[in-house]
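Reading the structure
If you want the building blocks of each chain, they are given just below.
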Amino acid sequence: MESIWCKTCDIKRYPELEGNVKTDVVVIGAGMAGILTAWQLEQAGVHTVVLEADTIGAGQTQNTTAKITSQHGMFCHSFIEKKGKETAEKYVQANQAAVEEYKRIMKEQEIACDLSERDAYVYSGEEEKLRQEAEAAQSLGIDASLERQIEVPVSCAGVVRFPGQAQFHPLKFLGALAEKLKIYEHTPATEVNENLVKTPRGSVKADKIVFATHFPFINFPGLYFARMHQERSYVIALENAGKISGMYIGDGENSLSFRQYENYLLLGGAAHRTGENRTGGRYEKLKEAAGKLFPQSSVAACWSAQDCITADKIPFIGPYAADRPNWFVATGFQKWGMSSSMVSAMLLRDQICEIRNPFEEVFAPSRFSMEEIPQLMKDGGKAVKGLTKRFFHLPSETVNALEPGHGAVVETPLGKAGVYKSEKGEVFQVDVVCPHMGCELSWNPDERSWDCPCHGSRFDCEGNPMEGPAQEGIPYE
Ligand SMILES: Cc1cc2nc3c(=O)[nH]c(=O)nc-3n(C[C@H](O)[C@H](O)[C@H](O)COP(=O)(O)OP(=O)(O)OC[C@H]3O[C@@H](n4cnc5c(N)ncnc54)[C@H](O)[C@@H]3O)c2cc1C
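Residues numbered from 1 in each chain as written. Predicted model: local features only at pLDDT ≥ 70, side-chain atom pairs only at ≥ 80, totals over all residues. Heavy atoms only, no water.

Brief notes about the sheet that holds strand β19 (residues 415-421)
Strand-to-strand pairing in sheets goes through backbone hydrogen bonds, with the strands running parallel or antiparallel. An order of β18-β19-β20 is seen for the three strands of this open sheet, with the pairing classed as antiparallel. Of all the strands in the sheet, just β18 (406-412) and β20 (427-430) have a single pairing partner and so form its edges. The average undirected angle you get between the axes of adjacent strands in this sheet is 30 degrees. Alignment of β18 against β19, held across seven bridges, turns out to be antiparallel. What sits directly across from E411, in β19, is K416. (Pairing = 2+ DSSP bridges. Helix = DSSP H or I, 4+ residues; strand = E, 2+ residues; numbered from the N terminus. Axes fitted to C-alpha atoms, helices over the stretch in contact; angles between N-to-C directions.)

Rendered as structure tokens:
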């Protein structure tokens with residue numbers, strides 16, 4: 001399950017932190033958000049150290065589809081309705097500035113990362129929606145147009161086009177920027193106290209701390225666990241599917257995403273809330289779509305990723321919490337983390353350098369609006385369900401009844417356990433309680449992982465942590 005980016009790029013490796021260091025800023029997390037933030041800070045003359053629990057880009061960034069665009073689906077019309085024109089304008093401007101900043105950095109630094117300027121398109125079957133969206137985008141200053149022709153053979157009434165967007169190879173880009181930064185890999189931040197970040201074999205003392213860990217792992221203060229959930233989507237890379245020049249995304253829940261990378265057409269979709277994929281079959285769903293749309297094609301690679309979704313669909317970028325003035329956060333990118341990571345980097349650089357940034361109110365984590373309440377209640381309800389399930393719901397499976405290649409929560413003599421039986425019949429048994437906040441994990445048959453339905457942490461069949469917010473594994477017997 002390796003992405004096309006991992007298959008086509010080797011990033012230089014960096015040492016683990018041993019000992020204690022001091023710096024102006026420490027950035028925790030070396031995904032797109034962390035590396036870009038460190039880069040912008042260094043460019044502004046601020047000494048920055050990056051700590052990465054795994055290796056550079058090994059979180060969601062290595063599994064993105066890497067479209068750099070301010071077109072975040074079919075969003076302009078509804079954004080204006082919910083947040084007003086001024087906020088919508090700023091959101092679009094911040095993201096469009098991010099697209100241009102990518103192009104500027106790549107040109108100035110001569111980074112070979114397969115950048116190509118492309119138009120972005122959102123397609124829909126609803127005529128009225130398309131018209132409204134094109135008009136709304138134009139009213140926000142985008143040179144958008146409503147078009148009828150579409151290169152991908154999906155059935156739709158048309159597309160809204162944003163010109164001058166871009167696509168690239170995310171790991172080649174990260175690798176090039178990383179060479180100019182001070183980075184420690186295999187160095188998780190295990191404890192953060194005011195201005196001190198502890199790691200297994202050292203510590204970093206810094207004036208400011210940036211959490212760029214995808215999902216913030218400190219629950220209090222901030223309460224990010226109560227304000228976001230995670231959604232997982234799947235990607236297949238197709239050979240012999242022909243070539244497209246644009247970058248496409250459909251409107252609505254079952255929509256598909258398309259972009260070209262060299263001879264591969266990347267087809268994405270089959271999304272679900274993390275922890276809610278009991279029946280599996282997500283890759284099959286994409287393969288079925290590929291069979292219909294591109295009958296000559298074959299699958300060269302498959303992978304998946306997840307992202308954090310905020311209630312109002314706007315990222316949280318800015319101060320972590322009112323009582324931690326020196327902590328900053330960048331999260332909640334709702335599957336548009338390439339442009340949002342650059343927005344984060346520019347915004348956090350300005351905030352740390354005490355320069356007024358015109359977009360800070362839009363992304364301020366301290367914001368709260370009434371329209372968030374229904375979403376918060378829905379997410380809260382899911383979390384409560386995930387928490388109570390382990391006490392009240394009796395599992396129906398037993399270890400013996402489990403088919404090879406399957407996993408399930410089963411009853412054992414010692415109580416509930418998560419059991420996976422490999423194709424060879426080996427049994428892997430783990431605790432099913434998420435160490436983050438105690439929800440019951442659920443088996444994801446497509447990724448063979450234990451996923452948390454509350455906040456999206458994931459673990460492999462031996463209990464090792466794969467994705468946060470949980471920072472530790474689950475007991476494995
Ligand atoms: C299927 C899919 C396709 C997507 N395609 C696009 C796209 O085309 N365009 C777009 O704009 N966006 C896209 N996105 C979204 C985008 O990929 C993500 O938003 C983005 O990669 C997130 O970057 P990040 O730096 O926030 O997180 P990550 O890349 O996950 O980086 C966080 C890092 O923090 C590290 N970390 C965690 N805890 C600690 C700790 N305690 N100490 C040290 N390090 C720690 C992790 O190991 C990780 O490396 C897509 C998302 C999905 C799910």
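Remarks on the packing of aromatic side chains
Within this structure, the stated rule accounts for 22 aromatic pairs. Summarising the aromatic geometry, the rings of F220 and F225 are spaced 5.5 Å apart at their centres and angled 70 degrees between planes, so their arrangement reads as edge-to-face. Chaining the aromatic ring pairs together yields one cluster made of F211, F217, Y224, F316, Y320 and W327. (Phe/Tyr/Trp six-rings, centres within 6.5 Å; stacked < 30°, edge-to-face > 60°.)

Observations concerning the state of the cysteines
For the structure shown, the criterion picks out one disulfide. Paired by a disulfide, C439 and C454 hold their sulfur atoms 2.1 Å apart. Handedness here is read from the sign of the S-S torsion; for C439 and C454, about -105 degrees, the answer is left-handed. Here C439, found in the loop between β20 and β21 (442-444), pairs with C454, found in the loop between β22 (449-451) and β23 (458-459); they are 15 residues apart in sequence, far enough to count as distant. Neither residue differs from the other here; C439 and C454 are each classed as buried. Looking at C113, it has no disulfide partner, and the nearest cysteine sulfur is the one in C9, 10 Å off. (Disulfide = S-S within 2.5 Å. Buried < 20%, exposed > 50% of the residue type's maximum accessible area, 1.4 Å probe, protein only.)

Re the nonpolar core
Counting residues in each nonpolar core, the largest one holds 83 residues, and the members touching the most others are I35, I56, Y102, F162, F168, F173 and F363. When residues in this core are grouped by element, the largest group, nine residues, is from helix α4 (residues 85-108). Shared between two domains, this core takes at least three residues from each, and those domains are domain 1 (4-64 + 171-226 + 313-368) and domain 2 (229-308). When near neighbours in sequence (up to four residues on either side) are disregarded, Y102 contacts M32, L36, I68, F168, F173, M338, S339, S341 and M342. Formed by 25 residues, the second largest nonpolar core is a distinct cluster that contains I28, L51, Y184 and A189. (Core = buried A, V, L, I, M, F, W, Y, C linked by side-chain atoms within 4.5 Å. Domains from an automatic or database assignment. Contact = heavy atoms within 4.5 Å.)

Observations concerning the domain arrangement of the protein chain
How big an interface is tends to be expressed through the accessible area that disappears when the partners come together. Partitioning the protein chain into structural domains gives domain 1 (4-64 + 171-226 + 313-368), domain 2 (229-308) and domain 3 (389-467). Measuring from the centre of the C-alpha atoms in domain 1 to the corresponding centre in domain 2 gives 28 Å. Every contact between the two is made by 17 residues of domain 1 and, on the other side, 19 residues of domain 2. In total, domain 1 and domain 2 occlude about 1400 Å² of area from one another, counting both sides; carbon and sulfur atoms represent 60% of this. When residues of domain 1 are sorted by the area they lose upon contact with domain 2, I4, W5 and K335 head the list and together hold 42% of the total. Taken together, the connections running from domain 1 to domain 2 amount to one salt bridge. Here K335 makes a salt bridge to E231, at a shortest N to O gap of 3.0 Å. Classifying every residue of the side of domain 1 that touches domain 2 by side-chain character gives five nonpolar, nine polar and three charged. (Buried area = accessible area lost by both parts, 1.4 Å probe. Salt bridge = Lys/Arg side-chain N within 4 Å of Asp/Glu carboxyl O. Nonpolar A, V, L, I, M, F, W, Y, C, P; charged D, E, K, R; others polar.)

Observations concerning the site of the ligand
Of all residues adjacent to the ligand, which total 35 residues, the nearest are E52, T61, T65, D307 and Q471. Here K335 contributes a backbone N or O atom positioned 3.1 Å from a nitrogen atom of the ligand. Summarising the interface, the protein chains cover 94% of the accessible area of the ligand, which totals 1000 Å² for the free molecule. Taken together, the residues of the shell around the ligand break down into 16 nonpolar, 15 polar and four charged. (Near = heavy atom within 4 Å. Polar contact = N/O pair within 3.5 Å; in protein donor to acceptor, adjacent residues only side chain to side chain. Areas by Shrake-Rupley, 256 points an atom, 1.4 Å probe, with all protein chains shown as cover.)

Quick look at the pairing of strand β13 (residues 257-261)
Counted residue by residue, β13 has five buried out of five residues, so it is predominantly covered. Going residue by residue along β13, you find S257, R259 and Y261 tucked away on one face and F258 and Q260 tucked away on the opposite face as well. Note: strand β12 (residues 247-250) against β13, two bridges, orientation antiparallel. Note on β13: the bridge partner recorded for Y248 is F258. The turn joining β12 and β13, which pair antiparallel and follow one another in sequence, is formed by six residues; a positive phi near 100 degrees is taken by G252. With five bridges joining them, β13 and strand β14 (residues 264-273) adopt antiparallel strand pairing. Each residue of the ladder has a partner; that of R259, found in β14, is L266.

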